[in-house]
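What follows is each chain in one-letter form.
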Amino acid sequence: MGRLVLNHSTNIEGLIPILQKLALDINIKTITPAAISRSRGRSSKLIIRLSVKTINGYKAIARKGKTAQEVFISTDLSKDELKEVIDIYNIK
C-alpha cells in the first residue's frame, strides 16, 4: 500500500479520489501529483496515461478538458502491469 503526497493546493477535478484508490495497490509506493499545464487538445473525461519511465517508476499525465497534470508514480511494476492497474480506475 502506497501513500499519496499532497503537496499542491490545486489538482485536476476528480483526480485525488482516483489516486487514493490507486495508492491502495500493494505494488505502488508513492504517488505525487505535480505541475499543471494547459494542453492543446480537449479531453471530455478524466484520463490518466503513462508517459515515461523515471528512476523510481513512471511519470503519468492526467488530462481533463484543456488541463493536464503530471503525476509521478513510484513502483516496481513494469509499464504494462502499471497500465493495467491504472486502467481499472480510469474513467473512460
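Above this text you will find the structure in question.
These numbers were taken from a predicted model, which means no experiment stands behind them. (Residues numbered from 1 in each chain as written. Predicted model: local features only at pLDDT ≥ 70, side-chain atom pairs only at ≥ 80, totals over all residues. Heavy atoms only, no water.)

A. Representation of the side chain of Arg63 within the structure. Assignment of secondary structure puts Arg63 in strand E3 (residues 57-75). Summary of buried charges: Arg63 has no salt-bridge partner, and the nearest side chain of opposite charge, Glu70, is 12 Å away. Separated by 3.4 Å, the side chain of Arg63 and the backbone oxygen of Gly41 make a polar contact. (Helix = DSSP H or I, 4+ residues; strand = E, 2+ residues; numbered from the N terminus. Buried < 20%, exposed > 50% of the residue type's maximum accessible area, 1.4 Å probe, protein only. Lys, Arg positive; Asp, Glu negative; His and termini not counted. Salt bridge = Lys/Arg side-chain N within 4 Å of Asp/Glu carboxyl O. Polar contact = N/O pair within 3.5 Å; in protein donor to acceptor, adjacent residues only side chain to side chain.)

B. Highlighting the sheet that holds E3. Pairing is mixed across the open sheet formed by three strands, whose spatial order is E1-E2-E3. On the outer flanks of this sheet lie strand E1 (3-4) and E3, each paired with one strand and no other. Note: strand E2 (residues 28-53) against E3, 15 bridges, orientation antiparallel. By the bridge assignment for E3, Ile36 is matched with Gln69. On top of the sheet, helix H1 (residues 15-22) reaches E1, E2 and E3; it is set at about 145° to E2, its chief contact. Against the sheet, helix H2 (residues 79-89) engages E2 and E3, with an angle of about 65° to E2. (Pairing = 2+ DSSP bridges. Contact = heavy atoms within 4.5 Å. Axes fitted to C-alpha atoms, helices over the stretch in contact; angles between N-to-C directions.)

C. Examining the packing of H1 against H2 more closely. Contact pair H1 / H2: the axes reach a minimum separation of 10 Å and the direction vectors enclose 130°. Overall, the two elements H1 and H2 adopt an arrangement that is oblique. For the pair H1 and H2, the sense of crossing is right-handed. Counting all contacts with H1, which are made through Ile18, Lys21 and Leu22, the residues of H2 involved are Val85, Ile86 and Tyr89. (Parallel < 35°, antiparallel > 145°, perpendicular 65-115°, else oblique. Left-handed = near helix turned anticlockwise from the far one by under 90°.)

D. Spotlight on H1. Inspection of H1 places Leu15, Ile16, Ile18, Leu19 and Leu22 among the buried residues, and these make up the whole buried set. Along the long axis of H1, the arc covered by the buried residues comes to 160°, so they all point the same way. In the core, the buried residues of H1 are packed alongside E1, E2, E3 and H2. (Arc of directions from axis to C-beta.)

E. Molecular detail of the pattern of salt bridges. Across all of its chains, the model carries three salt bridges by this definition. Linking Lys29 and Asp76 is a salt bridge whose minimum nitrogen-to-oxygen distance equals 3.2 Å. Remark: Asp76 occurs in the loop between E3 and H2 and Lys29 occurs in strand E2; sequence separation between them is 47 residues. When its relative accessible area of 43% is taken as the criterion, Lys29 is described as partly exposed. A salt bridge links Lys83 to Asp87, with the shortest nitrogen-to-oxygen separation between them at 3.2 Å. Of this pair, Lys83 and Asp87 are both found in helix H2, four residues apart, which corresponds to roughly one turn of the helix. Its relative accessible area of 43% is what places Lys83 among the partly exposed residues.

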